[in-house]
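# Topology and contacts: notes
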There are 4 protein chains.
Amino acid sequence: MSVTPKFRVGILGASGYTGADLVRLLLTHPNVEIALMTAERKAGMPIGDVFPHLAGYDLPDLIGLDEVEWPAVELDVVFCALPHATSQEVIKGLLHATGHSLLDEMVVETTGDLADSISGEVKVVDLSADFRLRDTDVYAQWYGREHSAVTLQPKAVYGLPEVNRDQVRKAHLVACPGCYPTAALLALIPLLKAGQISAEDIIIDAKSGVSGAGRSLKEANLFVEVAEAMHPYAVGQHRHMPEIEQELTLAAGEDVRISFTPHLVPMNRGELETIYVRLKEGTTVGDLKDQLVDAYADEPFVSILEEGVVPATRMVRGSNRCVLNVFQDRIPGRAIVVSAIDNLVKGSSGQAIQNMNLMLGLDETTGLMQAPMFP
Amino acid sequence: MSVTPKFRVGILGASGYTGADLVRLLLTHPNVEIALMTAERKAGMPIGDVFPHLAGYDLPDLIGLDEVEWPAVELDVVFCALPHATSQEVIKGLLHATGHSLLDEMVVETTGDLADSISGEVKVVDLSADFRLRDTDVYAQWYGREHSAVTLQPKAVYGLPEVNRDQVRKAHLVACPGCYPTAALLALIPLLKAGQISAEDIIIDAKSGVSGAGRSLKEANLFVEVAEAMHPYAVGQHRHMPEIEQELTLAAGEDVRISFTPHLVPMNRGELETIYVRLKEGTTVGDLKDQLVDAYADEPFVSILEEGVVPATRMVRGSNRCVLNVFQDRIPGRAIVVSAIDNLVKGSSGQAIQNMNLMLGLDETTGLMQAPMFP
Amino acid sequence: MSVTPKFRVGILGASGYTGADLVRLLLTHPNVEIALMTAERKAGMPIGDVFPHLAGYDLPDLIGLDEVEWPAVELDVVFCALPHATSQEVIKGLLHATGHSLLDEMVVETTGDLADSISGEVKVVDLSADFRLRDTDVYAQWYGREHSAVTLQPKAVYGLPEVNRDQVRKAHLVACPGCYPTAALLALIPLLKAGQISAEDIIIDAKSGVSGAGRSLKEANLFVEVAEAMHPYAVGQHRHMPEIEQELTLAAGEDVRISFTPHLVPMNRGELETIYVRLKEGTTVGDLKDQLVDAYADEPFVSILEEGVVPATRMVRGSNRCVLNVFQDRIPGRAIVVSAIDNLVKGSSGQAIQNMNLMLGLDETTGLMQAPMFP
Amino acid sequence: MSVTPKFRVGILGASGYTGADLVRLLLTHPNVEIALMTAERKAGMPIGDVFPHLAGYDLPDLIGLDEVEWPAVELDVVFCALPHATSQEVIKGLLHATGHSLLDEMVVETTGDLADSISGEVKVVDLSADFRLRDTDVYAQWYGREHSAVTLQPKAVYGLPEVNRDQVRKAHLVACPGCYPTAALLALIPLLKAGQISAEDIIIDAKSGVSGAGRSLKEANLFVEVAEAMHPYAVGQHRHMPEIEQELTLAAGEDVRISFTPHLVPMNRGELETIYVRLKEGTTVGDLKDQLVDAYADEPFVSILEEGVVPATRMVRGSNRCVLNVFQDRIPGRAIVVSAIDNLVKGSSGQAIQNMNLMLGLDETTGLMQAPMFP
């Protein structure tokens with residue numbers, strides 16, 4: 001029996017929920033092995049002490065970032081699940097340390113050939129917000145600090161495979177979309193591209209499970225504060241707004257300004273967006289539906305539901321699926337698009353692996369075909 | 001020590017969640033005694049067998065509606081928490097049985113004098129949808145059957161005390177607003193009356209706890225189906241839409257058509273509406289806030305939160321409060337109004353008691369000053 | 001209209017969940033006014049900023065403990081909801097500052113006369129563990145530090161009114177039982193006193209909502225860690241064990257050693273204990289039931305459920321009730337006693353108020369007759 | 001590329017939660033294809049209409065049991081997830097229809113050879129209670145009806161692979177253990193076999209998520225009844241008691257009578273048992289731990305946690321794992337064993353697949369190595 005060589009993968013920032021879900025999913029991925037995991041405050045600990053559900057697997061202990069010996073560790077892929085700002089610094093550092101060609105020239109195309117990829121330079125999949133905004137001034141404005149990798153930014157590819165698949169395939173640095181942008185963009189990009197909806201008055205009412213808030217110790221995330229309750233947050237101020245607008249503007253070919261209000265819902269996982277749009281003259285809800293069906297006909301992870309079936313987070317729990325549907329609004333000339341994903345999978349770790357698969361020339365669905373878990 | 005005479009109260013349909021919360025609240029109301037409770041399938045049972053948390057109180061057993069001896073039972077107030085359609089028939093029946101003057105003439109004004117009220121004719125507070133829609137044709141269209149009390153309908157008062165207080169005081173038949181309408185109308189009526197927001201493009205994204213769905217046995221309401229998940233329902237089809245539109249149209253003085261999408265959230269109680277509105281030329285978000293502060297300055301149950309504080313359902317749990325706030329939308333010329341209530345209290349049983357207090361000439365807040373319960 | 005003079009009440013440590021529930025309950029108590037609230041990290045803030053559900057009431061702002069001017073504030077009652085160890089120091093300090101007679105002589109009896117009480121010395125109701133253990137050596141052993149108020153300890157009364165009502169009436173310092181002890185002792189004391197069950201092999205399997213863990217920032221209390229999961233904690237090591245044993249030993253007249261295992265359950269409130277006991281020769285389950293019915297026949301807050309009805313936390317949510325029942329075990333000679341309370345009410349703040357009522361000569365149930373909240 | 005022939009699998013009763021989890025797990029099992037799914041009330045529907053999370057997969061529509069053409073459908077394995085009593089009848093029927101040798105002779109041994117198995121007679125994995133109790137009189141007593149397949153019963157193997165692996169390998173009819181028995185037996189059998197604990201006074205306090213109650217419409221399973229609450233049920237009467245006693249008696253070599261009390265906890269999945277045992281003279285808690293470590297050293301699905309780590313349901317969510325640990329009880333001579341599983345996986349569908357793997361001669365872990373899902 002021949003043994004498939006496995007890609008060596010590192011996870012920077014493995015002690016958060018995103019890191020945990022990367023591990024969960026990669027453990028059953030047939031083509032990779034987890035060779036490195038870092039976590040600052042928990043350096044030195046086995047991952048099973050940090051996430052008891054991951055005890056008992058053959059995984060390296062957590063180490064601090066400064067303990068990583070970059071060229072020596074010989075990683076094929078690095079997932080960077082660090083806080084924004086830190087991410088930039090660390091990615092610059094590791095590219096330097098590995099003498100990566102990304103630093104001095106334009107993005108190198110991969111051949112897509114497996115053997116080549118394995119022997120090639122490290123691929124970086126960034127799950128932070130650091131390389132999502134194409135305009136570093138916008139970054140500075142929303143994240144309250146100057147971007148520290150301005151020359152690297154243009155080489156990053158925005159990793160929404162359903163939209164940018166070809167670019168992702170050739171990328172060495174992919175910026176994974178935020179969870180809210182993922183659900184919104186999958187719903188809206190085909191409609192804006194087709195000129196079916198107005199670029200004005202797009203209103204996104206978003207609802208998320210609590211894992212999206214991360215594992216940091218904030219009173220607002222305590223069980224008692226969240227359970228048996230709900231509320232909006234960051235009204236008119238959420239950092240995913242400029243990200244969504246950037247990609248919608250690209251799709252629409254004109255400036256898009258959105259209304260976006262996220263809400264915290266007492267559940268661990270799941271994200272649902274109810275999106276209110278204005279139809280262009282002569283367009284019907286049926287046209288929108290047809291457009292989405294068409295756009296995603298061959299997509300393994302995006303499903304358009306049947307007439308009248310409402311997307312629900314329980315349809316996608318734990319999986320890399322996005323479910324969409326379109327509804328007639330009571331106000332004439334308007335429609336409602338509903339989009340549901342698992343914020344930790346399609347909204348984060350799953351999409352990161354989907355990007356990795358593309359970057360490594362693997363089948364895009366490898367390791368991502370788990371059925372949703374319900375109940 | 002003199003003993004205050006107590007009003008005799010009946011609850012028709014006491015075995016639902018609305019009925020249970022009526023009992024919970026009335027048990028500490030100083031001016032009433034619960035003299036009658038009906039429930040069809042549970043007739044003959046003590047309420048404690050149906051709702052164990054209500055065991056041990058001095059309460060009458062549940063009886064069937066046809067066992068009620070209408071004049072003999074000598075009720076001062078009847079709360080009707082029956083399903084729609086049934087409500088009409090039962091209210092007509094009890095008015096007949098008590099020879100109520102409401103049947104043959106126009107609404108009689110109460111004097112507001114306590115002694116008079118006690119000796120007067122029965123007051124009916126209907127918690128169903130049966131008398132909410134002023135136009136019985138609209139009723140027929142949305143509820144799928146002809147209205148069976150067409151001549152009674154004009155005598156019913158829409159029981160939103162913050163808007164119709166004076167009419168409620170004189171009413172003998174009050175139709176309590178639906179839970180969704182309550183949260184929406186308190187947020188929007190002052191703004192429309194003041195001409196600050198457009199009557200067009202009002203988009204209401206509503207989220208409710210599961211008690212709003214009642215205690216009936218539906219697969220969709222099982223714990224496992226709801227927990228750790230969320231989804232919209234009745235998109236573009238919810239029966240609270242015409243009710244909201246009716247009252248907004250009255251307030252605006254022009255036809256209002258709304259977009260309204262309710263969502264089911266895994267919590268028992270609580271309702272939150274995120275309402276997206278368009279500002280009239282020259283109006284600012286600050287103007288909206290001022291208007292709400294003004295409108296509700298003397299209202300005991302409506303609070304406008306301070307700058308930047310988001311309404312949350314945990315602020316009102318178990319109480320008759322509504323909390324409101326206004327936020328700048330990112331889209332210029334738009335604003336976001338957020339409204340939170342407890343769907344079973346201000347959205348139903350509490351508001352019913354508030355109406356009763358007014359109808360009986362009692363202080364409006366009697367028995368309703370419980371602080372919210374958090375955790 | 002004559003105005004009843006109100007007792008002036010202070011809450012030390014008002015920013016925790018226990019403090020919040022004290023405020024919730026005291027707001028509708030007819031005989032008290034909240035004159036003082038302290039909180040160290042949140043000193044200077046209005047309570048509504050710390051607990052938004054308490055905004056809008058006429059309450060003093062939070063101040064730091066060192067800002068309290070002890071004699072000048074003229075409190076009739078102090079609730080001390082501070083962490084253990086701190087509690088001792090603070091209570092000693094306030095007794096000194098007010099020149100309290102408790103410091104130099106034996107406990108003074110109250111006359112039970114209202115006017116006298118108002119003009120009398122301050123009453124202290126301690127909700128911490130600091131005065132619960134009668135033996136200060138046991139305290140030192142379980143709390144990891146010497147007791148710092150050794151001479152005060154004997155003057156404290158263990159505040160379980162159903163057991164120590166007369167002593168509480170005369171007390172100036174009451175130590176409120178822990179939540180787990182409350183549920184256990186109400187179930188077991190009458191049975192041990194009657195000699196119906198063995199003092200050996202008492203096994204208490206306890207389950208609690210998360211509010212029992214307080215509002216402190218621990219990863220283990222984050223929503224995501226708790227929701228959709230459960231687990232035991234502090235197995236064989238929980239500090240409520242010696243407290244339970246102390247009171248059971250008193251009741252039994254012989255040494256009692258218990259097995260006690262608490263579990264964390266994904267709910268905000270509620271505590272349920274399933275207690276496995278061995279029947280004394282010749283005793284039946286029916287005898288146990290009769291004994292409990294007898295013991296609590298006149299108790300306003302303890303209910304023995306009917307044959308076969310299982311105590312459930314939803315029967316007591318938000319209320320000061322305890323519900324109990326007894327069941328035949330499958331193992332001959334054993335029985336199962338089930339006890340449910342709301343950990344924040346009968347298990348903490350409600351019981352504290354019950355003690356206050358007794359200490360002030362008020363009706364024991366004043367302000368505590370809220371019906372449980374279900375849903 | 002050669003194609004592995006796949007075993008054809010049928011699921012009888014696919015519209016319950018157990019059926020859904022069978023489908024979820026089998027969808028990624030490399031050696032089987034789902035060839036048949038039945039559901040009576042939902043016959044004719046695609047599975048995606050019944051379980052939207054399973055929409056979009058290549059699966060047969062649901063049919064009624066009487067539509068199954070038994071020999072023609074050529075199943076290699078049948079999972080029977082039907083209600084008890086029905087199960088017996090249906091299994092008898094399908095064995096008849098396929099002319100199965102199980103009906104007229106003793107259990108036939110499988111060769112363990114893959115090709116043979118495929119061409120062999122159908123294997124039945126029953127998830128109901130119908131073949132779990134070896135004594136059909138005990139069955140009649142606990143299930144309120146005579147057993148209708150008395151001669152088949154002795155040929156059924158009790159499918160707890162960690163205990164009966166060899167028998168399962170050769171079986172044609174396996175009775176999967178109940179969820180509660182699975183957690184209890186894995187914890188206790190090694191200890192009883194080793195004579196380390198007393199067969200008397202074994203007290204099992206069990207807690208389960210709500211999916212264990214199935215998808216049937218009962219008021220007690222509504223979200224509002226369960227959420228934010230907990231309670232025991234079936235105290236002293238649960239049907240899993242005789243099943244647990246049967247297997248413990250076999251292990252102990254003497255009669256075992258247990259105390260068993262299940263509780264309903266507001267979570268979808270997960271089961272935790274806190275088991276109180278008496279140590280045999282001279283045995284220590286350390287001995288128990290060593291025994292469990294030893295017994296499960298080579299087991300892929302059972303983990304003994306490290307010193308002091310408490311089993312928690314979140315460690316096993318969605319996976320086929322069981323986690324165990326042992327703790328010193330405060331009462332001398334006693335110990336506490338804690339066991340956690342996912343009731344739908346190791347407690348039901350996962351274990352059924354584990355049995356299937358053994359019966360088909362596949363690697364026991366095939367398709368069952370998903371990491372637990374946390375959050």
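Just so we're clear, the structure is a prediction, and the values are computed from it rather than from any experiment.

### Structural notes on the overall build of chain A
- Counting secondary structure elements, chain A contains twelve helices and 13 strands.
- On C-alpha atoms alone, chain A measures out to a radius of gyration of 20 Å, which is about the 21 Å that the 2.2 N^0.38 rule sets for 375 residues.
- On the principal axes, the C-alpha backbone points of chain A span a range of 60 × 50 × 50 Å.
- When the 375 residues of chain A are sorted by exposure, 65% land in the buried category.
- Of the roughly 12500 Å² of accessible surface on chain A, 48% is carried by carbon and sulfur atoms.
- The average position of the 30 basic charges and that of the 50 acidic charges among the side chains of chain A differ by 4 Å.

### Observations concerning helix H10 (residues 240-252) of chain A
Residue and element names in this part refer to chain A.
- Its 13 residues give H10 an end-to-end C-alpha distance of 18 Å, which sits within 8% of 18 Å, the value for a rise of 1.5 Å per residue.
- Taken across its 13 residues, H10 has ten buried, putting it largely inside the fold.
- In this structure, the buried side of H10 is in contact with helix H6 (136-143), strand E5 (157-158), helix H8 (179-193), strand E7 (202-208) and strand E9 (258-264).
- Backbone geometry just downstream of H10 places Gly-253 in the positive-phi region, at approximately 75 degrees.

### With respect to the packing of aromatic side chains
- Evaluated as defined, the whole model comprises 18 aromatic pairs over all chains.
- Aromatic side chains Phe-223 of chain A and Phe-223 of chain C sit 5.3 Å apart centroid to centroid with 10 degrees between the ring planes, which places their arrangement in the stacked category. Note that Phe-223 of chain A is positioned in helix H9 (residues 223-226) and Phe-223 of chain C in helix H9 (residues 223-226), a pairing that runs across two chains. Across the pair, exposure class does not vary: Phe-223 of chain A and Phe-223 of chain C are buried alike.
- Between the aromatic rings of Tyr-180 of chain C and Phe-260 of chain C, the centroid separation amounts to 5.1 Å while the plane-to-plane angle is 70 degrees, which identifies the pairing as edge-to-face. A residue pair is termed long-range when its members are at least 10 positions apart, and Tyr-180 of chain C in helix H8 (residues 179-193) and Phe-260 of chain C in strand E10 (residues 258-264) qualify at 80 residues. We note that Tyr-180 of chain C, like Phe-260 of chain C, is buried.
- Following the ring pairs from residue to residue traces out a cluster consisting of Tyr-17 and Phe-51 of chain A together with Phe-374 of chain D.

### Concerning the pairing of strand E10 (residues 258-264) of chain B
Residue and element names in this part refer to chain B.
- Where burial is concerned, most of E10 is hidden: seven out of the seven residues are buried.
- Residues of E10 alternate between two faces, with Ile-258, Phe-260, Pro-262 and Leu-264 on one and Ser-259, Thr-261 and His-263 on the opposite face, all of them buried.
- As defined by bridge partners, strand E8 (residues 202-208) adjoins E10 across seven bridges and the pair is classed as parallel. Looking across to E10, one finds that Ile-202 is bridged to Ile-258.
- In the sheet, strand E9 (residues 231-232) pairs with E10 via two bridges, with the strands oriented antiparallel. Bridge assignment links His-231 to a residue of E10, and that residue is Leu-264.

### Quick notes on the packing of helix H1 (residues 17-26) of chain B against helix H12 (residues 345-359) of chain B
Residues and elements named next belong to chain B.
- It is at 10 Å that the axes of H1 and H12 come closest, and there the two elements cross at 50 degrees. By the criterion of interaxial angle, the relationship of H1 to H12 is oblique. In this structure, H1 meets H12 at a crossing whose hand is right-handed. Residues Thr-18, Asp-21, Leu-22, Arg-24, Leu-25 and Leu-26 of H1 form the contact with H12, whose participating residues are Val-345, Ser-348, Ser-349, Gly-350, Ala-352, Ile-353 and Met-356.
- Considered class by class, the residues forming the contact of H1 with H12 number seven nonpolar, four polar and two charged.

### Topic: the pattern of salt bridges
- Counted by the stated rule, this structure contains 77 salt bridges over all chains.
- The closest approach of N and O atoms between Arg-278 of chain B and Asp-201 of chain B, which form a salt bridge, is 2.6 Å. Of this pair, Arg-278 of chain B sits in strand E11 (residues 271-278) while Asp-201 of chain B sits in the loop between helix H8 (179-193) and E8, and the two are 77 residues apart along the sequence.
- Asp-201 of chain B sits in the buried class, given a relative accessible area of 6%.
- By sharing partners, the salt bridges in this structure join Asp-201, Arg-278 and Arg-334 of chain A together with Asp-201, Arg-278 and Arg-334 of chain B into a single network.

### Side note on the interface of chain B and chain A
- Every contact between the two is made by 50 residues of chain B and, on the other side, 50 residues of chain A.
- For the pair chain B and chain A, the summed buried area comes to about 4200 Å², and 58% of that belongs to carbon and sulfur atoms.
- When the buried area of chain B at its contact with chain A is split by residue, Glu-228, Met-230 and Arg-330 of chain B rank highest and sum to 19% of it.
- The tally of links from chain B across to chain A stands at eight salt bridges.
- Put simply, Arg-330 of chain B and Glu-245 of chain A hold a salt bridge, and the shortest N to O gap is 2.6 Å.
- Put simply, the parts of the chain that give the side of chain B that touches chain A at least two residues each are E8, helix H9 (223-226), E9, helix H10 (240-252), E10, E11, strand E13 (322-328) and strand E14 (334-341) of chain B.
- The element best represented in the side of chain B that touches chain A is E8 of chain B, accounting for five residues.

### A look at the relation of the copies chain B and chain A
- Mapping chain B onto chain A calls for a rotation angle of 180 degrees and an axial translation of 0.0 Å; the resulting RMSD is 0.0 Å. One copy is carried onto the other by what is essentially a two-fold rotation axis.
- Both copies contact each other with a shared surface, as 100% of the interface residues of chain B are interface residues in chain A too.

### Some thoughts on helix H1 (residues 17-26) of chain C
- The buried fraction of H1 of chain C amounts to nine of the ten residues, a majority that puts the element mostly inside the structure.
- Taken as a whole, H1 of chain C has its buried residues at Tyr-17, Gly-19, Ala-20, Asp-21, Leu-22, Val-23, Arg-24, Leu-25 and Leu-26 of chain C.
- The inward-facing, buried residues of H1 of chain C contact H9 of chain A together with strand E1 (7-12), strand E2 (32-38), strand E4 (77-80) and helix H12 (345-359) of chain C.

### With respect to the relation of the copies chain B and chain C
- Overlaying chain B on chain C yields an RMSD of 0.0 Å, the required transformation being a rotation through 180 degrees with an accompanying axial translation of 0.0 Å.
- Of the interface residues in chain B, 100% have counterparts in chain C that sit at the interface too, so the contact is made through matching surfaces.

### Description of the domain arrangement of chain A
Residue and element names in this part refer to chain A.
- Taken as a whole, chain A is organised into domain 1 (7-177 + 347-359) and domain 2 (180-343).
- Placing a centre on the C-alpha atoms of domain 1 and another on those of domain 2 gives a separation of 26 Å.
- Every contact between the two is made by 26 residues of domain 1 and, on the other side, 29 residues of domain 2.
- Of all residues in domain 1, the largest losses of buried area upon contact with domain 2 belong to Tyr-17, Trp-142 and Glu-162, amounting jointly to 28% of the total for that side.
- Among the salt bridges present, the one from Glu-243 reaches Arg-132, with a minimum N-O distance of 3.4 Å.
- In this structure, the connection of domain 1 to domain 2 is made through 16 residue pairs in polar contact (both at pLDDT 80 or more).

Definitions and cut-offs
Residues numbered from 1 in each chain as written. Chains lettered and ligands numbered in written order. Predicted model: local features only at pLDDT ≥ 70, side-chain atom pairs only at ≥ 80, totals over all residues. Heavy atoms only, no water. Helix = DSSP H or I, 4+ residues; strand = E, 2+ residues; numbered from the N terminus. Rg over C-alpha atoms; globule rule 2.2 N^0.38 Å. Buried < 20%, exposed > 50% of the residue type's maximum accessible area, 1.4 Å probe, protein only. Areas by Shrake-Rupley, 256 points an atom, 1.4 Å probe, with all protein chains shown as cover. Lys, Arg positive; Asp, Glu negative; His and termini not counted. Charge placed at Lys NZ, Arg CZ, Asp CG, Glu CD. Expected span 1.5 Å × (residues − 1). Contact = heavy atoms within 4.5 Å. Phe/Tyr/Trp six-rings, centres within 6.5 Å; stacked < 30°, edge-to-face > 60°. Pairing = 2+ DSSP bridges. Axes fitted to C-alpha atoms, helices over the stretch in contact; angles between N-to-C directions. Parallel < 35°, antiparallel > 145°, perpendicular 65-115°, else oblique. Left-handed = near helix turned anticlockwise from the far one by under 90°. Nonpolar A, V, L, I, M, F, W, Y, C, P; charged D, E, K, R; others polar. Salt bridge = Lys/Arg side-chain N within 4 Å of Asp/Glu carboxyl O. Buried area = accessible area lost by both parts, 1.4 Å probe. Least-squares fit on C-alpha atoms with pLDDT ≥ 70 in both. Domains from an automatic or database assignment. Polar contact = N/O pair within 3.5 Å; in protein donor to acceptor, adjacent residues only side chain to side chain.

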